[in-house]
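Residue-level listing of the chains:
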Amino acid sequence: MVHQQSAVIDTTAPAVYGMLVDGQWLEGAGPRVSVRDKFKLQPCATITTADAAQVGRAVEVAHTAFRKGAPVAYERGLILDRAAELMLARSDEFVQAMQLEAGFTQSDAAGEVRRCIQTLKLSAEEARRMAGDVIPLAGAPGAAGRLGFTLRVPLGVVAAITPFNSPLNTVTHKVAPAFAAGNAVILKPSSFTPITACLLAEVLVEAGIPKGFLAVLHGSAEVVQHLQAHERVRFFAFTGSTEVGRKIQQAAGLRRTQMELGSIACTILCDDANLDAALTKVVNAGYRKAGQVCTSVQLLLVHESLQTDVETRLGALVKALRFGDPQNPENFVGPLISEDNAIRVDAWIQEAVAAGAKLLAGGPREGAVVPPTLLTHISDTMKVVCHEVFGPVVCIVPFKTLDQAIARVNATPFGLATGLFTNRLGDALAAAQQLEVGGVHINETSSSRVDLMPYGGSKDSGFGREGPRYAVHEMTEERIVTITTT
């Protein structure tokens, strides 16, 4: 059964979501997969997954559409602007979907919607102003009478492979700039959170994205492997674990990629930090989305002179956080993406406490909900320190000198972002130069991100940059054009 306007291909309960290929919502030929309510841990929807033949057809449709030509830049901008307007009109629907399938609280889900709208608008602007450079060829010997300029041209078919922890805005950060640049996009969303991606696709179709320029395929790693087998997929944009990113990169060969991978994010509180401002930001950055953000504060590096004060004040703030059912608007922390992940995080906490860590805030796991947790007296061998927790856990680590704190950050294999609270300009600039990360945020936390800025990491945190302007650059290539006039 095919529906042109809705991703729901079956009226039975729970709803069954199909795949978008060539402008139509189709039932996948692969296995059906249940989507769970992350708090109640009960099925709330079903997705139909793609088999190899359907992946191949999606690639061919996308390639054919690209070869026929994308709408001109002005029209691409109009489509993305219309999508932003439609998103605003359907914002409540998106919030409800994310509360259900991602376990986001009201504030987290509403934040995703606001940022998605901004990302769509920014991408529309980039579509209209995509341009190259004038090359001063006449400045070279023997090149008098020659003119030169560059064009930015789209690559073709882009595969966007997206995570559960930002099922709307991260998806938009890949799909919208890719289309803004004139590419066709095949989206493979997380099977934990596919409903939000389907709703976004509905919005883009309604906004006027042409047939073939957007496909949505559901499924497991096999779908990604099928995409990798098609050389007509020219670019892979991936957000997820470092382990999976390595496999995608290896399979890509000479094709281009953008990788936003794992992290152990740190924020540094120097001895002159304004704690009134810093601690509030740390709470938000450590516990929003239940700590399931690549830049969530996992290690809070605190100057030893502030340690007692920070432990007392931050402990009180964390204990005051409400947690549980994401449908309750008073709750700040909801469930993790699965009960298995909650069990893992809880086990790591218990291991740390058994090994000597002190629990300043926290409590017993309830289903997929791990209470916001604050630990001190930790050691470098504890899993909560040396592995990415991806849960609502912050560890306080004292330091004596800024050099020591910078070395502690650089000792991790990751390098996504670091926050630093200080009012000493020299210390701030020294840290900005020495920290081996993609972003350094002064008097902000590691999780400070504005959607128009370049965002990405170094080392095992990946490479390439998101942010519409920067993503458009990643998803296009430069072509030199010269004209001899004499």
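These figures come from a predicted structure and were not determined experimentally. (Residues numbered from 1 in each chain as written. Predicted model: local features only at pLDDT ≥ 70, side-chain atom pairs only at ≥ 80, totals over all residues. Heavy atoms only, no water.)

Caption draft 1: Highlighting the overall build of the protein. Each helix and strand counted, the protein has 15 helices and 24 strands in total. Relative to its full complement of 486 residues, the protein shows a buried share of 57%. Partitioning the intrachain contacts of the protein with sequence separation of at least 6 by distance along the chain shows that 71% fall at a separation of at least 24. Summed over its atoms, the accessible surface of the protein is roughly 19,400 Å², and 54% of this surface lies on carbon and sulfur atoms. On the protein, the mean spot of the 44 positive side-chain charges and the mean spot of the 48 negative ones are 4 Å from each other. (Helix = DSSP H or I, 4+ residues; strand = E, 2+ residues; numbered from the N terminus. Buried < 20%, exposed > 50% of the residue type's maximum accessible area, 1.4 Å probe, protein only. Contact = heavy atoms within 4.5 Å. Areas by Shrake-Rupley, 256 points an atom, 1.4 Å probe, with all protein chains shown as cover. Lys, Arg positive; Asp, Glu negative; His and termini not counted. Charge placed at Lys NZ, Arg CZ, Asp CG, Glu CD.)

Caption draft 2: Structural context of the layout of surface pockets. Estimated volume of the largest pocket: approximately 1,200 Å³. As for the largest pocket, its lining consists of 43 residues, of which F164, F192, G240, S241 and V244 are closest to the centre. Going through the elements one at a time, β5 (32–36), α7 (221–228), β12 (233–239), α8 (242–252) and α11 (339–354) are the ones with two or more residues in the lining of the largest pocket. Counting residues per element, the lining of the largest pocket draws most heavily on α8, at five residues. Among the residues forming the lining of the largest pocket, the class breakdown is 19 nonpolar, 16 polar and eight charged. In this structure, the second largest pocket spans a volume of roughly 370 Å³. Lining the second largest pocket we find 17 residues, and of these D108, G111, R115, N284 and R288 sit closest to its centre. Looking at the lining of the second largest pocket, the elements with two or more residues in it are α4 (106–129) and α9 (275–287). At six residues, α4 tops the list of elements feeding residues into the lining of the second largest pocket. Of the residues assigned to the lining of the second largest pocket, the class counts are one nonpolar, six polar and ten charged. (1 Å grid on protein atoms, 1.4 Å probe; cavity = no way out; pocket = protein on both sides within 12 Å on 5 of 7 lines; lining within 4 Å. Points joined across faces, edges and corners; volume = space filled by probe spheres on them. Nonpolar A, V, L, I, M, F, W, Y, C, P; charged D, E, K, R; others polar.)

Caption draft 3: Fine view of the pattern of salt bridges. The tally for this structure, following the rule as stated, stands at 25 salt bridges. Among the ionic pairs, R90 bridges to E202, the shortest N-O distance being 2.9 Å. Within this pair, whereas R90 is found in the loop between α2 (73–89) and α3 (91–101), its partner E202 is found in helix α6 (residues 194–207), the two being separated by 112 residues in sequence. In this structure, R90 and E202 share a single accessibility class: buried. It is possible to trace a salt-bridge network through shared partners that takes in D271, D272, R424 and D427. (Salt bridge = Lys/Arg side-chain N within 4 Å of Asp/Glu carboxyl O.)

Caption draft 4: Just α9, in detail. For α9, which comprises 13 residues, the first-to-last C-alpha distance of 18 Å matches the rise-based estimate of 18 Å (1.5 Å per residue) to within 8%. Turning to α9, its buried residues are L275, A278, L279, V282, V283, A285, G286 and Y287. At the N-terminal boundary of α9, the capping side chain belongs to N274, with an oxygen 3.1 Å from the backbone nitrogen of D276. Backbone geometry just downstream of α9 places K289 in the positive-phi region, at approximately 50 degrees. (Expected span 1.5 Å × (residues − 1). Polar contact = N/O pair within 3.5 Å; in protein donor to acceptor, adjacent residues only side chain to side chain.)

Caption draft 5: Here's a closer look at the sheet that holds strand β24 (residues 476–484). An order of β7-β8-β24 is seen for the three strands of this open sheet, with the pairing classed as antiparallel. The sheet is open, and its two borders are formed by β7 (134–135) and β24, each paired with just one other strand. Bridge analysis of β7 against strand β8 (residues 146–154) gives two bridges, and the strand direction is antiparallel. The partner of I135 across the bridge, within β8, is G148. (Pairing = 2+ DSSP bridges.)

Caption draft 6: How the structure looks around the packing of aromatic side chains. As enumerated under the stated definition, the model contains three aromatic pairs in all. Both rings, one in F164 and one in F192, keep their centres 5.8 Å apart while their planes meet at 75 degrees; by these two values the pair is edge-to-face. Taken together, the positions of F164 in the loop between β9 (157–161) and α5 (169–180) and F192 in the loop between β10 (184–188) and α6 put the pair 28 residues apart, joining distant regions of the chain. On the basis of relative accessible area, F164 is assigned to the buried category, the value being 17%. Centroid distance F164 to F390: 6.0 Å. Interplanar angle 85 degrees. Geometry classified as edge-to-face. Highlighted residues: F164 in the loop between β9 and α5 and F390 in the loop between α12 (383–386) and β18 (393–399), separated in sequence by 226 residues. F390 shares its class with F164; the two are buried. Site record: aromatic cluster; members linked through ring pairs are F164, F192 and F390. For R344, the ring lying beneath its charged end belongs to W348, and the centroid distance is 4.7 Å. (Phe/Tyr/Trp six-rings, centres within 6.5 Å; stacked < 30°, edge-to-face > 60°. Lys NZ or Arg CZ within 6 Å of the ring centre and 35° of its normal.)

Caption draft 7: A look at the nonpolar core. Counting 88 residues, the largest nonpolar core has M87, F94, L120, I186, L204, L217 and L227 as the members making the most contacts within it. Those residues in contact with F94 that sit more than four places away from it in its chain are M87, V113, L168, T196, L199, L200 and V203. The next biggest cluster of nonpolar side chains, apart from the first, holds 58 residues, and it includes I264, Y287, A361 and V397. (Core = buried A, V, L, I, M, F, W, Y, C linked by side-chain atoms within 4.5 Å.)

Caption draft 8: Region of interest: the sheet that holds strand β21 (residues 439–442). Pairing is mixed across the open sheet formed by seven strands, whose spatial order is β16-β17-β18-β15-β14-β20-β21. Taken across any chain shown, the strands that pair with only one partner, and hence form the sheet edges, are β16 (358–361) and β21. Strand-to-strand, the axes of this sheet are offset by a mean angle of 25 degrees, without reference to chain direction. Sheet topology places strand β14 (residues 266–269) next to strand β20 (residues 417–421); four bridges connect them, and they run parallel. Along β20, the bridge assignment pairs T267 with G419. In the packing of α11 onto the sheet, contacts are made with β16, β17 (373–376) and β18, and the angle to β17 comes to roughly 30 degrees. (Axes fitted to C-alpha atoms, helices over the stretch in contact; angles between N-to-C directions.)

Spatial relationships are all this shows, so hold off on functional conclusions.
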